[in-house]
Amino acid sequence: MPETPLLTVCDLDAFYGDIQALFGVSLHVALGEAVAVIGANGAGKSALLKSIAGALRTRPEAVVFDGLPIGGLPAHVVAARGIALVPEGRGLFPSLSVEENLLIGGQLKRAGPWTLDRVFELFPVLAERRKFSSTALSGGQQQMVAIGRALMSNPKLLLCDEISLGLAPIVVRDIYARLPAILEHGTAIILVEQDIVQALKAAQRVYCLQEGRVALAGAAKDLSREQIAAAYFGV
Amino acid sequence: MSTAMSAAKSVRQNVRVVFGDRSSHIGLALCALIVVALAAAPLWGGRDDLQLLSEMFAYVALASLWNLLAGYAGLVSVGQQAYVGLGAYLLFAFAILAGISPLWAIPLAGIVAGVVAIPVAGLVFRLRGHYFAIGTWIVAEVFRLTASQISVLGGGSGTSLPASMVIAIAPTRQLRDFVEYWIALALVIAILTAIVLLLRSRYGLALKAIRDSEIAARCSGIDVTRTKLLVYIVTACGTAMVGALIFLQKLRISPDAAFSVNDWTAFVIFITVIGGIGRIEGPIVGTIVFFLLRQTLADLGTLYLMMLGLVAILIMLAAPKGIWGLVVARFGFSVFPLERKVVFEELSPARE
Amino acid sequence: MDWINVILQGILVGGLYAMFAAGLSLIFGVMRLVNIAHGDLIVLAAYVALVTTQTLGIGPLTALIVVVPVMALIGYALQWFVLNRTLGDDLLPPLLVTFGLSVIIQNGLLTLFTADSVKLQAGDIEVATIRLTDGIYVGVLPLLQFAVAVAVIAGLQFIFYRTALGRAFRATADNPEVAQLMGLDNRRVFALAMALSLAVVAIAGVFLAVRANFDPSQGPARLIFGFEAVIIGGLGSLWGTLAGGLILGLAQAIGAHLNPGWQILAGHIAFLVVLAVRPQGLFPKVRT
């Protein structure tokens, strides 16, 4: 019997001002599932995550989370409900140290397995640098802080916006290697990526966006390279 | 740019930039009529009418200049009273110390103020945004405190214009009233014209670009600092001339009156905000509203000032573009349009 | 001997100026807003203290227990209902709204209390002095005021850098959009910052009221002193603001000693000199 998904996006239209970024996008994510959303620049991936996280206004029913419509709710309310965003470009707070960035993530005080110590267990290199200014870290380490910060709010759904952006492949592999530990705790993840390789390895299902619409959807292992390339580039 | 040119060439078109349309032409014609009627005021108006109108002209001029500075150049100053007072004191100084006729002293005060504005800008331009605003206020305070230390011009209690200088304007009181009135009218028209011309010139285009995005403007090759400096100097010049005329009509000056924040900044800002920032018609509309309110409510004293403050706050929160902004949004016309339209005119069809 | 007294007086009053400045600096740091009504709010706090001491029959320093929460509440409400609506990229709305507020407060106080200057009496402590060495005496009240100023700045430092609230302030100041995504309601953070600012204003207002005569028109001058202290000290640094206040107080004291009419002008000139020679201030916080 199919259970109600944790997150259902239904016929979502999203606008940046007067410009429409998404046209009737629909997708769903189940508890503890990893879903990849891929697409070229401008395909609407960030708009999708922002709409879910509450940074972009939408119709209430366009985004249903945990059985309740959350579209259009302000971002801080959505965060309290259990959705955490790892923003594109990390979005760390420069005035705060590594540890303080993590603590900000935890200030919602939601119940769950993630604490400061647990995050340092997941990313040991951060423990050594906990008092450093967040800007004094390498790109990969900053990405770890951003992920850790999101985890500190013990979310049910983690939204990762292009965590591989600007990082060396070995660093990307290192970060993706930690994802199973996150999934183990029952957190669902949406991975938005331009880099398809890692995303397809990590996710069970894939959605491909092209110019604001879902061009392809399916289980990662069932889709062929050619299908994905065609959907990605809109050929 | 080149595609448009080649397109124009191939169909033999003329390309020109125009301002305005039919509604603005009608508006301008109406304006011309009003100006003629105002110029004839000494014929139909009494002494009180002329004084009221002069005061209104002064505020239209001051508000238009503040609007240029804040609404167009993005330099929000709460210290323009520095130049009102400076212009006024220069006029009195020229009259008392150098025996220069007040009529010549007005443009002279403007020029000197323009020169003074340069080092002042050198200082206050180091501050940005809100801090710039307070910095200009401090400069005005420095001017005020300095003026009250100059004993030859009356020190803290001020002084009056010598009788000989008063006669130099015109031999009879009635003629003096007329002359001062016409100067006020001429000054406000000159200032408004200068503003319109400035905004329609390439400096105006630069200002628009700076207002939208300073960084992008800089990248387009616009010398942002020089453009802002030009506007600051022009505004200082105009404000000083208006200040000189205002206190010429009062015949008396004192530091507190000449550098009053209330009279020359608070009221000016309220007028511009209520009328509409960033549009030329705004200060005119605002002045009319302000004087209507004053004629009806000024008896309330401090309550009147509180109401002005409240109205300004409400307008800023609810209708940030002021009354004229609402009119433009609703009806889409303007009297002094500044939007540039590119017009293609066919000269003759190209022969193949 | 004379000069040492002058310098001492200047430093002690500088503490008061630092308090004027601290609230201003806090607000600008957190939400990039300069509150033109800041000085008038200090005067308002002084009048609240006046009413409190008169109706409750307590001393001015005890009155702080009432004045501080009252002003904090006013700050929260002001930010929540009015100033939050003005925040954004355009700097005109907050500037003009706070300007309008300044006019309203000044004239409101004028209507309620008239233009007569008043002063709060603190009793014997006002004339008590401590003898430092031969010929050098320091008033107990100015010393207390200075100590409180240092304590306030230290307290604000503590809040900003060692508490969750301070973290929230800094995060929201850095990046309001991401802070919102982390669950921080910006409107609440800003309102709390304004409440804190006005709590400091309350303390400054009470000391102002005890120190000298005050009347409704004194707001703008306090704003200017606070502002000058912030700029001289350097943006972004609370201890810098203290230093700025001290330097301003010193400049004024020296100016007054040379010629009483030059007191305030000397302060303005010190400000302009710093602006000309070192516009970033003497101790700016360098952000990496």
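Keep in mind it's a predicted model, so treat the numbers as computed, not measured. (Residues numbered from 1 in each chain as written. Chains lettered and ligands numbered in written order. Predicted model: local features only at pLDDT ≥ 70, side-chain atom pairs only at ≥ 80, totals over all residues. Heavy atoms only, no water.)

Participant: Give a detailed account of helix 3 (residues 98-106) of chain A, specifying residues and quantitative values.
Facilitator: For helix 3 of chain A, the buried fraction is high: 8 of the 9 residues fall into the buried class. Among all positions of helix 3 of chain A, only Val98(A), Glu99(A), Glu100(A), Asn101(A), Leu102(A), Ile104(A), Gly105(A) and Gly106(A) are buried. Considering only its buried residues, helix 3 of chain A is in contact with helix 4 (116-122), helix 5 (124-128) and helix 6 (139-151) of chain A together with helix 5 (140-162) and helix 6 (164-174) of chain C. (Buried < 20%, exposed > 50% of the residue type's maximum accessible area, 1.4 Å probe, protein only. Helix = DSSP H or I, 4+ residues; strand = E, 2+ residues; numbered from the N terminus. Contact = heavy atoms within 4.5 Å.)

Participant: Let's hear about the interface of chain B and chain C: which residues, and what values?
Facilitator: Accessible area lost upon the coming together of the parts serves often as the stated size of an interface. Counting from both sides, the interface comprises 34 residues of chain B and, opposite them, 42 residues of chain C. For the pair chain B and chain C, the two sides together bury roughly 3,500 Å², of which 86% comes from carbon and sulfur. In terms of surface lost to chain C, no three residues of chain B exceed His130(B), Tyr131(B) and Ile138(B), which account for 21% of the buried area on that side. Taken together, the links from chain B to chain C amount to 0 salt bridges. (Buried area = accessible area lost by both parts, 1.4 Å probe. Salt bridge = Lys/Arg side-chain N within 4 Å of Asp/Glu carboxyl O.)

Participant: Hey, could you go over helix 8 (residues 186-211) of chain C for me, with residue numbers and the actual values?
Facilitator: Because an α-helix completes one turn every 3.6 residues, residues spaced three or four positions apart along the sequence face the same direction. The terminal C-alpha atoms of helix 8 of chain C lie 37 Å apart, and with 26 residues this matches the ideal 38 Å at 1.5 Å per residue to within 8%. Among the 26 residues of helix 8 of chain C, 22 are classified as buried, and the element is accordingly described as predominantly covered. (Expected span 1.5 Å × (residues − 1).)

Participant: I'd like a rundown of the sheet that holds strand 2 (residues 19-29) of chain A, residues and numbers included.
Facilitator: All names here are of chain A. Read across the open sheet, the 4 strands follow the order 2-1-4-5; overall the sheet is antiparallel. Both outer strands of the open sheet, strand 2 and strand 5 (68-69), are each paired with one neighbouring strand and no more. Here helix 1 (residues 45-53) sits on the sheet in contact with strand 1 (7-16), strand 2 and strand 4 (63-65), set at roughly 115 degrees to strand 1. (Pairing = 2+ DSSP bridges. Axes fitted to C-alpha atoms, helices over the stretch in contact; angles between N-to-C directions.)

Participant: Outline unusual backbone geometry, listing residues and values.
Facilitator: Residues other than glycine seldom take positive phi values, yet Asp11(A) does so here, at roughly 55 degrees. We classify Asp11(A) as partly exposed; its relative accessible area is 43%. The phi angle at Arg32(C) is positive, at roughly 55 degrees, despite the residue not being glycine. Structurally, the position occupied by Arg32(C) is in the loop between helix 1 (2-31) and helix 2 (38-56). Of the residues examined, Arg32(C) reaches a relative accessible area of 47% and is grouped as partly exposed.

Participant: For the interface of chain C and chain A, give the residues involved together with the corresponding values.
Facilitator: Taken together, the contact pairs 18 residues of chain C with 21 residues of chain A. Together, the buried faces of chain C and chain A total about 1,700 Å²; carbon and sulfur atoms form 63% of this surface. When residues of chain C are sorted by the area they lose upon contact with chain A, Arg167(C), Leu181(C) and Met182(C) head the list and together hold 40% of the total. Linking chain C to chain A there are 1 salt bridge.

Participant: Can you tell me about the pairing of strand 2 (residues 136-139) of chain C, naming the residues and giving the values?
Facilitator: Note on strand geometry: in a regular strand, side chains alternate between the two faces of the sheet. All names here are of chain C. As paired strands, strand 1 (residues 129-133) and strand 2 are joined by 4 bridges and run antiparallel to one another. Considered in strand 2, the bridge of threonine 133 is made with isoleucine 136. Counting the residues in the hairpin turn of strand 1 and strand 2 gives 2 residues, including glycine 135, whose phi is positive at 80 degrees.

Participant: Please set out the packing of helix 4 (residues 47-72) of chain B against helix 9 (residues 173-200) of chain B residue by residue, giving values where relevant.
Facilitator: Describing two packed helices takes the angle between their axes plus the distance from one axis to the other. Residues and elements named next belong to chain B. Interhelical geometry of helix 4 versus helix 9 gives an angle of 20 degrees and a closest axis separation of 9 Å. Comparing the axis directions of helix 4 and helix 9 gives the class roughly parallel. With respect to the hand of their crossing, helix 4 and helix 9 are arranged in left-handed fashion. Contact with helix 4, carried on its side by Arg47, Leu50, Leu53, Ser54, Phe57, Val60, Ala61, Ser64, Leu65, Leu68 and Tyr72, involves Arg173, Asp177, Phe178, Tyr181, Ala184, Leu185, Val188, Ile191, Leu192, Ile195, Leu198 and Leu199 of helix 9 and no other residues of that element. In terms of residue class, the contact of helix 4 with helix 9 is built from 18 nonpolar, 2 polar and 3 charged. (Parallel < 35°, antiparallel > 145°, perpendicular 65-115°, else oblique. Left-handed = near helix turned anticlockwise from the far one by under 90°. Nonpolar A, V, L, I, M, F, W, Y, C, P; charged D, E, K, R; others polar.)

Participant: Report on the pairing of strand 9 (residues 205-210) of chain A, specifying residues and quantitative values.
Facilitator: All names here are of chain A. The buried count for strand 9 comes to 5 of 6 residues, which makes it a mostly enclosed element. Looking at chain direction, strand 3 (residues 34-38) and strand 9 are connected through 4 bridges and run parallel. The residue of strand 9 that forms the bridge with valine 35 is arginine 205. Where strand 9 meets strand 10 (residues 213-219), 6 bridges bridge the pair, whose relative direction is antiparallel. Among the inter-strand pairings, leucine 209 is bridged to a residue of strand 10, identified as valine 214. As consecutive antiparallel partners, strand 9 and strand 10 are separated by 2 residues, and within that stretch glutamate 211 has a phi angle of approximately 50 degrees, a positive value.

Participant: Outline the environment of Ala217(B), supporting the account with residue identities and numerical values.
Facilitator: Mapped onto the elements of the fold, Ala217(B) is located in helix 11 (residues 214-219). With sequence-adjacent residues up to four places away left out, Ala217(B) is seen in contact with Ala209(B), Ile210(B), Ile222(B) and Val224(B).

Participant: Requested: an account of the confidence of the model for chain B, with residues and values cited.
Facilitator: Looking at chain B as a whole, its pLDDT mean stands at 85, while 88% of the residues score no less than 70. If you check the scores for this complex, the pTM reads 0.87 and the ipTM reads 0.89. (pLDDT = per-residue confidence, 0-100.)

Participant: Quick one: what's the story with the packing of helix 2 of chain C against helix 3 (residues 60-81) of chain C, residue by residue and with numbers?
Facilitator: Residues and elements named next belong to chain C. For the pair helix 2 and helix 3, the least separation of the axes is 9 Å and the interaxial angle reads 130 degrees. Between helix 2 and helix 3, the crossing angle belongs to the class labelled oblique. Of the two possible hands of crossing, helix 2 and helix 3 adopt the one that is right-handed. Of helix 3, the residues touching helix 2 (which contributes Leu41, Leu44, Ala45, Val48, Ala49, Thr52, Thr53 and Leu56) are Pro60, Ala63, Val66, Val67, Val70, Met71 and Ile74. Its residues assigned to classes, the contact of helix 2 with helix 3 comprises 13 nonpolar, 2 polar and no charged.

Participant: Let's hear about the nonpolar core: which residues, and what values?
Facilitator: If you look at the biggest cluster of nonpolar residues, it comprises 203 residues, and the most contacted ones within it are Tyr232(B) and Met71(C). The contacts of Met71(C), once residues within four sequence positions are left out, are Leu41(C), Leu44(C), Ala45(C), Val48(C), Leu198(C), Val201(C) and Ala202(C). Core analysis: the next-biggest nonpolar cluster, separate from the first, contains 46 residues, Ile147(A), Cys160(A), Leu179(A) and Tyr232(A) among them. (Core = buried A, V, L, I, M, F, W, Y, C linked by side-chain atoms within 4.5 Å.)

Participant: Go over the side chain of Glu162(A) with me, naming the residues and quoting the values.
Facilitator: Residue and element names in this part refer to chain A. Within the element layout of this structure, glutamate 162 appears in the loop between strand 7 (157-161) and helix 7 (169-176). By relative accessible area, which is 5% here, glutamate 162 ends up buried. When residues no more than four places from it in sequence are discounted, the contact partners of glutamate 162 are Lys45, Glu88, Gln143, Val192, Glu193 and Gln194.

Participant: Lay out the packing of aromatic side chains in plain terms, naming residues and giving numbers.
Facilitator: If you walk through the whole model with that rule in mind, you get 25 aromatic pairs over all chains. Each ring, one from Tyr83(B) and one from Tyr232(B), has its centre 5.9 Å from the other, and the planes form 80 degrees; the classification is edge-to-face. Taken together, the residues Tyr83(B) in helix 5 (residues 81-98) and Tyr232(B) in helix 12 (residues 224-250) connect sequence positions 149 residues apart. No difference in accessibility class separates Tyr83(B) from Tyr232(B), as the two residues are buried. Relative to Phe132(B), the ring of Phe125(B) has its centre 6.1 Å away and its plane inclined at 55 degrees; by these criteria the two rings are tilted. Each member of the pair, Phe125(B) as well as Phe132(B), carries the same accessibility label: buried. Among the aromatic residues, those joined into a ring-pair cluster are Tyr59(B), Phe247(B), Trp264(B), Phe267(B), Phe290(B) and Phe291(B). Between Arg202(B) and the ring centre of Tyr203(B), over which it is positioned, the NZ or CZ distance is 4.9 Å. When the ring centre of Phe28(C) is taken as origin, the NZ or CZ atom of Arg32(C), which lies over that ring, is 5.5 Å away. (Phe/Tyr/Trp six-rings, centres within 6.5 Å; stacked < 30°, edge-to-face > 60°. Lys NZ or Arg CZ within 6 Å of the ring centre and 35° of its normal.)

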